[in-house]
Amino acid sequence: MEQQFTRRGFLGATAAAPVALQAAEERPAILGGKPVRTGGFPRWPIVGQTEEPALAEVARSGKWFRGSGKQVARFEEAWAKITGAKYCLATSSGTAALFTSLNALGIGPGDEVLVPPFTFVATINVVLLQYALPVFLDTDPETCQMDAGKIEAAITPRTTAIIPVHYGGNPANLDAILAVSRKHKLRVIEDACQAHLAGWRGRNVGNWGETGCFSFQESKNLNCGDGGAIITNDEALMGRCYSFHNQGRKWKGGGEEFSYASVGCNLRLTEFQGAVLLSQIARLEEQSRTRERNAEYLDSLLREIPGVKPQRTYPGCTRHNHHTYVFRYLKEHFAGMPKPMLLKALNAEGIPGRPGYSPLNTVPFIKKVLEGPAYRRLFSKERLAQWNERNQCPGNEQLCRESVVFSHQCLLGPRTDMDQIAAGVRKVQAHAAEIAKA
Ligand SMILES: *Cc1c(COP(=O)(O)O)cnc(C)c1O
């Protein structure tokens, strides 16, 4: 379509339109203005060409269980290779990987296990399922990871293990965590459920502790609906993990069909899930690179906005896998807006920021579990009474008040998506006083 502008008409249009346009464009969406963005973000999971034939093949083969098929074993080999670990065991979930690790390491009733409060509940549940006491370490708000400087003060003679979580795919401060853990002989179980290709000093996370645990639940950067894996470089430990996840059956040599070496459970991955993982794994590296590129660009845009602090990494981090993208906002730069209001204003602009975790150290259900008969039998009154005082996490509270979290699929689109996220934050900030008043 051709448009004819006379000089007069053009001037007339520019004189009147921009004011109206500006008003429409700049009015915050939450107050009835036009949103910065109306399109969606990439959907997740991504279904490619290979999943369906791979699933059909497993279905036709009639080999649906890891004991009869080859998919799970092939996946284990592939995941060990990608992560650089000697051994990999697939499990039915990330929770199962953590639970198996605790069992194989003999972490159990009466023990204390150090955990972060800024994590998914599974990290804590596995400790409680073992009748051990989860002791919360404070969070470093700058990185969203456990504050390694506070570990030593939390250790007692009963502390046997620590579960660092590489929250969001950003490695926890492994140098400091490993140094204190060695000194006090703590077992280290890395919760790498969100950290599929994350690296520390050039080596994949999950390789630094006794075991590293991954999740392949649907929301994770590598997924098959539900699934998990343990990696380790300790052969004997792998044997114990295998036995526990498969009803106490021996790892190698198998033994008799109905012969059992130890207590166990059924936490096996199925062949269907193995096949989906083998499809998904082929795209993992490329997707990760896209996320990294976009996250780096978004960091550079957000750093320019006063009162906006993108998540930091520790110097040892050589790869952040961006399961989430997190920034903190400082209220005083946003007219004192509380987080729910900020999120509502951002969401209205089409920017899908979410609140992220609430503090796990204060959830009532844990207290209730500790007040139950099992814990009262296992732990003295004094120890249970001290538990509350030991779990003060001011850094974590600050992070929970200030964090705005984006899921990883927001980083899978074009670079212009990042421009729009930043534009949304800038717009909400420019109108913060007006929004806060409304
Ligand atoms: C997802 C997740 C888990 C649990 O994994 P599932 O596969 O859902 O059982 C554990 N820890 C963290 C940090 C997670 O994000």
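Not measured: the values here are computed from a predicted model.

### Examining helix 15 (residues 415-430)
Argument step 1. Here helix 15 spans 23 Å end to end across 16 residues, near enough to the 22 Å set by a 1.5 Å rise per residue.
Argument step 2. The complete set of buried residues in helix 15 reads D417, M418, I421, A422, G424, V425, K427, V428 and Q429.

### Regarding the side chain of R319
Argument step 1. Of note, R319 is situated in strand 13 (residues 317-319).
Argument step 2. Within polar-contact distance, the side chain of R319 engages the side chain of E285 at 3.0 Å.
Argument step 3. Separated by 2.8 Å, the side chains of R319 and E292 make a polar contact.
Argument step 4. The residues touching R319, leaving out its near neighbours within four places in the chain, are G169, P171, L197, A198, G199, E285, S288, R289 and E292.

### Here's the deal with the packing of aromatic side chains
Argument step 1. Evaluated as defined, the whole model comprises 16 aromatic pairs.
Argument step 2. Taken together, a centroid distance of 6.2 Å and an interplanar angle of 15 degrees make the contact between F75 and W79 stacked. Here F75 and its partner W79 are both found in helix 3 (residues 71-83), 4 residues apart, which amounts to about one turn of the helix.
Argument step 3. For W79, a relative accessible area of 0% translates into the label buried.

### Some words on the confidence of the model for the protein
Argument step 1. Of all residues in the protein, 93% have pLDDT values of 70 or greater, and the mean over the chain is 93.
Argument step 2. In the predicted structure, residues 1-24 sits below a pLDDT of 50 and forms 5 contacts with residues beyond four places in sequence or in another chain.

### A few points about the domain arrangement of the protein
When the parts come together, some accessible area is lost, and that loss is often what is quoted as the size of the interface.
Argument step 1. Assigned domains within the protein: domain 1 (7-45 + 284-357 + 398-437) and domain 2 (51-283).
Argument step 2. In this structure, domain 1 and domain 2 have C-alpha centres spaced 34 Å apart.
Argument step 3. Listed per partner, the contact involves 30 residues of domain 1 and 39 residues of domain 2.
Argument step 4. Here domain 1 and domain 2 share an interface that buries about 3000 Å² over both sides, 55% of which is from carbon and sulfur atoms.

### A look at the sheet that holds strand 14 (residues 324-329)
Whenever strands of a sheet pair, they do so through backbone hydrogen bonds, lying parallel or antiparallel.
Argument step 1. What the 3 strands build is an open sheet, ordered 12-14-15; its pairing is antiparallel. Lying at the two open borders of the sheet, with one neighbouring strand each, are strand 12 (308-310) and strand 15 (403-407). When the angles between neighbouring strand axes are averaged without regard to direction, this sheet yields 25 degrees.
Argument step 2. Bridge analysis of strand 14 against strand 15 gives 5 bridges, and the strand direction is antiparallel.

### A closer look at the environment of A80
Argument step 1. Looking at the secondary structure, you find A80 in helix 3.
Argument step 2. Measuring from C-alpha to C-alpha, the distance between A80 and T232 comes to 8.9 Å, with 152 residues separating the pair along the chain.
Argument step 3. What A80 contacts, discounting residues up to four positions off in sequence, is A85, K86, Y87 and C88.

Thresholds, definitions, all that
- Residues numbered from 1 in each chain as written.
- Predicted model: local features only at pLDDT ≥ 70, side-chain atom pairs only at ≥ 80, totals over all residues.
- Heavy atoms only, no water.
- Helix = DSSP H or I, 4+ residues; strand = E, 2+ residues; numbered from the N terminus.
- Expected span 1.5 Å × (residues − 1).
- Buried < 20%, exposed > 50% of the residue type's maximum accessible area, 1.4 Å probe, protein only.
- Polar contact = N/O pair within 3.5 Å; in protein donor to acceptor, adjacent residues only side chain to side chain.
- Contact = heavy atoms within 4.5 Å.
- Phe/Tyr/Trp six-rings, centres within 6.5 Å; stacked < 30°, edge-to-face > 60°.
- pLDDT = per-residue confidence, 0-100.
- Domains from an automatic or database assignment.
- Buried area = accessible area lost by both parts, 1.4 Å probe.
- Pairing = 2+ DSSP bridges.
- Axes fitted to C-alpha atoms, helices over the stretch in contact; angles between N-to-C directions.

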